[in-house]
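Each chain is listed here by its residues.
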Amino acid sequence: MERVRLDQSALRAVDEYWEYRRIVGDDDGGTLLTPEQYEEYKRKVLPLRMKNRLYVSFGVPGGIDCKFIGPETQCFCTHRYKQHKTDFEVIPSGRPLALPCQVRGCQCSTYEFVPRNGPTPVRCKCKHLPQDHSEAAGHLCKKCTSCSGFQSPFTCGCGQPSYAHQTLVETKAEREARGRPLGRDVPYAAMGGLTGFSSLIDGYLAMEASDLVNKCRV
Ligand SMILES: [Zn+2]
Ligand SMILES: [Zn+2]
Ligand SMILES: [Zn+2]
Ligand SMILES: [Zn+2]
Ligand SMILES: [Zn+2]
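Cut-offs and rules
Residues numbered from 1 in each chain as written. Chains lettered and ligands numbered in written order. Predicted model: local features only at pLDDT ≥ 70, side-chain atom pairs only at ≥ 80, totals over all residues. Pairing = 2+ DSSP bridges. Helix = DSSP H or I, 4+ residues; strand = E, 2+ residues; numbered from the N terminus. Expected span 1.5 Å × (residues − 1). Bend = angle between axes of the 7 residues up to and from the residue. Buried ≥ 20, exposed ≤ 12 C-beta atoms within 10 Å, placed from the backbone. Core = buried A, V, L, I, M, F, W, Y, C linked by C-beta atoms within 7 Å. Contact = placed C-beta atoms within 7 Å.

Engineer: Quick question: what am I supposed to make of the sheet that holds strand S2 (residues 67-68) here?
Structural biologist: Sheet strands line up and pair through hydrogen bonds in the backbone, either parallel or antiparallel. As summarised here, the arrangement of the 3 strands in space is S2-S1-S5, forming an open sheet in which the pairing is antiparallel. What marks the edges here is a single partner per strand, and that holds for S2 and strand S5 (166-171). Pairing analysis gives 2 bridges linking strand S1 (residues 54-59) to S2, with the strands arranged antiparallel. Directly across from serine 57, in S2, lies its bridge partner phenylalanine 68.

Quick look at the structure:
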């Protein structure tokens, strides 16, 4: 196998590209911003993004954060978190905060996490998959008439059924008031619930891991 050689400047270009992607996301509409536009974008968006960061997690109200939503985490509508509205100049005062999907033609009114059972998303009690249901609010089934809206009895790692969970979108102040970690301020788009390395692990697994660490210390 031939080894790919990249010289220092090529490596720097790759780094800069990833940095650009994580900052700009899809906001450039598929056409790279010019260096001037990029500087302008950063000047305009970054202070707001740092100030108005939204944290997104999935859990039973009052319980642990079972899952932290990251930029690539899929929504009920099958699109990723980063494809939803995640930047606000002014955070709306109404709760729950709605983060509608921005993919053209998608009816999704707000980001909603669906747990997975291995590689496939969990099924509704009507036995159909999330994608057999409308992505619009109410999530009615398109394949049967007995379903009154997607509801999965699947048991989450925390022991509670999936339908008892909700996707929580909260501001920094709201998250702080719940005593949850905020992580560092970062300039990247659609960070959702990612606040550090441990948030890459599902909440209940992280709890088990820290349990294990505690047991090992004893
Ligand atoms: Zn969508
Ligand atoms: Zn969506
Ligand atoms: Zn159905
Ligand atoms: Zn259903
Ligand atoms: Zn759970």
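On we go from here.
Engineer: What am I meant to see in helix H2 (residues 35-51) here?
Structural biologist: Between its terminal C-alpha atoms H2 stretches 24 Å, which fits the 24 Å expected from 17 residues at 1.5 Å a residue. Along H2, the largest kink reaches about 35 degrees and is centred on valine 45; proline proline 47 follows within four residues of it.

Engineer: Can you help me understand the environment of arginine 53 in this one?
Structural biologist: The residue arginine 53 is located in the loop between H2 and S1 in this model. Here arginine 53 falls in the buried class, since 23 other C-beta atoms lie within 10 Å of it. Sequence separation between arginine 53 and tyrosine 188 is 135 residues, and the spatial gap between their C-alpha atoms is 9.9 Å.

Engineer: When you look at helix H1 (residues 8-24) in this model, what are you seeing that I'm missing?
Structural biologist: Side chains of residues three or four places apart in an α-helix project in the same direction, reflecting 3.6 residues per turn. In this model, H1 (17 residues) spans 24 Å end to end at C-alpha, consistent with the 24 Å of a helix rising 1.5 Å per residue. Little of H1 is tucked away: 0 of the 17 residues are buried. Just downstream of H1, glycine 25 is the residue with a positive phi angle, here 60 degrees.

Engineer: Looking at this structure, how should I read the nonpolar core?
Structural biologist: When a protein is soluble and globular, its nonpolar side chains tend to lie buried together. Of all hydrophobic cores here, the largest spans 23 residues; its most connected members are Val56, Ile69, Cys75 and Tyr81. In terms of residues, this core owes the most to one element, S1, which gives 4 residues. In this structure, tyrosine 81 is in contact with Val56, Ile69, Gly70, Pro71, Thr73, Cys75, Tyr111, Ala190 and Gly192, ignoring residues within four places of it in sequence.

Engineer: Sorry, what's going on with the pairing of S1 here?
Structural biologist: In summary, the side chains of a regular strand alternate between the two faces of the sheet. Among the 6 residues of S1, 6 are classified as buried, and the element is accordingly described as predominantly covered. Here S1 shows two buried faces, one formed by Leu54, Val56 and Phe58 and the other by Tyr55, Ser57 and Gly59. In this sheet, S5 lies alongside S1 in antiparallel orientation, the contact comprising 6 bridges. Counterpart to phenylalanine 58 in the pairing with S5 is threonine 167.

Engineer: Quick question: what am I supposed to make of unusual backbone geometry here?
Structural biologist: Among all residues except glycine, the phi angle is most often negative; among peptide bonds, the trans geometry is most common. Between arginine 95 and the following residue, proline 96, the backbone shows a cis peptide bond with an omega angle of -5 degrees. Among the structural elements, proline 96 can be located in the loop between S2 and strand S3 (116-117). For threonine 78, which is not glycine, the phi dihedral falls at a positive 80 degrees. Note on threonine 78: 16 C-beta atoms within 10 Å, which makes it partly exposed. A positive phi is found at histidine 139, a non-glycine position, where the angle reads about 45 degrees.

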